[in-house]
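Listed below, chain by chain, are the residues.
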Amino acid sequence: MIIKRYGDKILKQKCVPVAKEELLTLDGLVEEMIKTMRANKGAGLAAPQVGVKKRFFVAEVDGDLRVLFNPKITKKSRKKVEMEEGCLSLPGVFIFLERPDKIEIEFLDRQGKKCQIKASGLPARVFQHEIDHLDGKMMIDRLGLLLRLKLKKSLKKS
Ligand SMILES: [Zn+2]
């Protein structure tokens, strides 16, 4: 699959929830996204990154593969940590961002079962990054204005 790059309109749009009846029809797409994520050595890939405006993503951290439909963060720790992030839609760009250390997420799994998980460290980071994509937000949108302008300039040059 072709990964949409920063600047593509779809990456700025809010994605729509997936209906339960729709889940099975998305199975092939999910498999393709997992393959694409692995082929590009990514830790996560959200549907809008492959041109699909729906609320789901795939993620794999330390061999733990997850597919989350309609994910919603229900709890965030007050403690924030700074970590470096990259994005398959912004190849070669790595930035340090502060985000909550621990989160709880509600979502539907591939069978449509309602699930709840707690995450911290790297998985929590990946999930938050991917959920941002579903809301039309990219990691650089979370930078301060000055840093963002600087980065945009250097992106245009390259
Ligand atoms: Zn990303």
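Procedures and definitions
- Residues numbered from 1 in each chain as written.
- Predicted model: local features only at pLDDT ≥ 70, side-chain atom pairs only at ≥ 80, totals over all residues.
- Heavy atoms only, no water.
- Helix = DSSP H or I, 4+ residues; strand = E, 2+ residues; numbered from the N terminus.
- Rg over C-alpha atoms; globule rule 2.2 N^0.38 Å.
- Buried < 20%, exposed > 50% of the residue type's maximum accessible area, 1.4 Å probe, protein only.
- Contact = heavy atoms within 4.5 Å.
- Areas by Shrake-Rupley, 256 points an atom, 1.4 Å probe, with all protein chains shown as cover.
- Lys, Arg positive; Asp, Glu negative; His and termini not counted.
- Charge placed at Lys NZ, Arg CZ, Asp CG, Glu CD.
- Pairing = 2+ DSSP bridges.
- Axes fitted to C-alpha atoms, helices over the stretch in contact; angles between N-to-C directions.
- Donors = N, O, S within 2.8 Å, 3.2 Å for Na, K, Ca; no water.
- Phe/Tyr/Trp six-rings, centres within 6.5 Å; stacked < 30°, edge-to-face > 60°.
- Polar contact = N/O pair within 3.5 Å; in protein donor to acceptor, adjacent residues only side chain to side chain.

1. Topic: the overall build of the chain
Okay, so step 1: Each helix and strand in the chain was counted, giving three helices and seven strands.
Okay, so step 2: Taken from N to C terminus, the helices and strands of the chain fall in the order α-β-β-β-β-β-β-β-α-α.
Okay, so step 3: The C-alpha atoms of the chain give 15 Å as radius of gyration, which agrees with the globular expectation for 158 residues (15 Å, within 12%).
Okay, so step 4: Summarising its shape, the C-alpha atoms of the chain cover approximately 45 × 35 × 25 Å along the three principal directions.
Okay, so step 5: In the chain, buried positions account for 42% of the 158 residues.
Okay, so step 6: If you take every contact in the chain between residues at least 6 apart in sequence, the share linking residues at least 24 apart comes to 66%.
Okay, so step 7: Summed over its atoms, the accessible surface of the chain is roughly 9,100 Å², and 52% of this surface lies on carbon and sulfur atoms.
Okay, so step 8: Positive and negative side-chain charges in the chain, numbering 34 and 21 respectively, have mean positions lying 6 Å apart.

2. Here's the deal with the sheet that holds strand E6 (residues 102-108)
Okay, so step 1: As summarised here, the arrangement of the five strands in space is E1-E2-E3-E6-E7, forming an open sheet in which the pairing is antiparallel. Of all strands in the sheet, those bounded by a partner on one side alone are strand E1 (44-46) and strand E7 (114-120). Each strand axis lies, on average, 40° off the axis of its neighbour in the sheet, ignoring direction.
Okay, so step 2: Pairing analysis gives six bridges linking strand E2 (residues 56-61) to strand E3 (residues 64-76), with the strands arranged antiparallel. Counterpart to Val61 in the pairing with E3 is Asp64.
Okay, so step 3: Helix H1 (residues 27-39) contacts E1, E2 and E3 of the sheet and is inclined by roughly 40° relative to E2.
Okay, so step 4: Along the sheet face, helix H2 (residues 121-134) touches E1, E2, E3, E6 and E7 and points at about 160° away from the line of E2.

3. Brief notes about the coordination of the zinc ion
Okay, so step 1: Summarising the metal site, the zinc ion is bound by the protein donors Cys87 (SG), His129 (NE2) and His133 (NE2), whose distances to it range over 2.0 to 2.2 Å.
Okay, so step 2: All donors of the zinc ion come from a single chain, and their spacing in sequence reads C-x41-H-x3-H. With Cys87 in the loop between strand E4 (80-85) and strand E5 (95-100) and His133 in helix H2, the pair connects residues that are 46 residues apart, well separated along the chain.
Okay, so step 3: Residue class for His133 comes out buried when judged on its relative accessible area of 0%.

4. Re the packing of aromatic side chains
Okay, so step 1: Taken as a whole and judged by the stated rule, the model has two aromatic pairs.
Okay, so step 2: Relative to Phe127, the ring of Phe57 lies with its centre 5.9 Å away and its plane at 40°, an arrangement referred to as tilted. Here Phe127 lies in helix H2 and Phe57 lies in strand E2, a separation of 70 residues in the sequence.

5. Considering the environment of Val16
Okay, so step 1: Relative to the elements of secondary structure, Val16 occurs in the segment before H1.
Okay, so step 2: Residues Val16 and Arg55 lie 39 residues apart in sequence; the distance between their C-alpha atoms is 5.6 Å.
Okay, so step 3: The contact partners of Val16, leaving out residues within four places of it in the chain, are Lys53, Lys54 and Arg55.

6. Considerations on the side chain of His129
Okay, so step 1: Along the chain, His129 falls in helix H2.
Okay, so step 2: Side chain to side chain, His129 and Glu85 meet in a polar contact 2.8 Å long.
Okay, so step 3: Dropping the residues within four chain positions of it, His129 is found in contact with Glu85, Gly86, Cys87, Arg99 and Met139.

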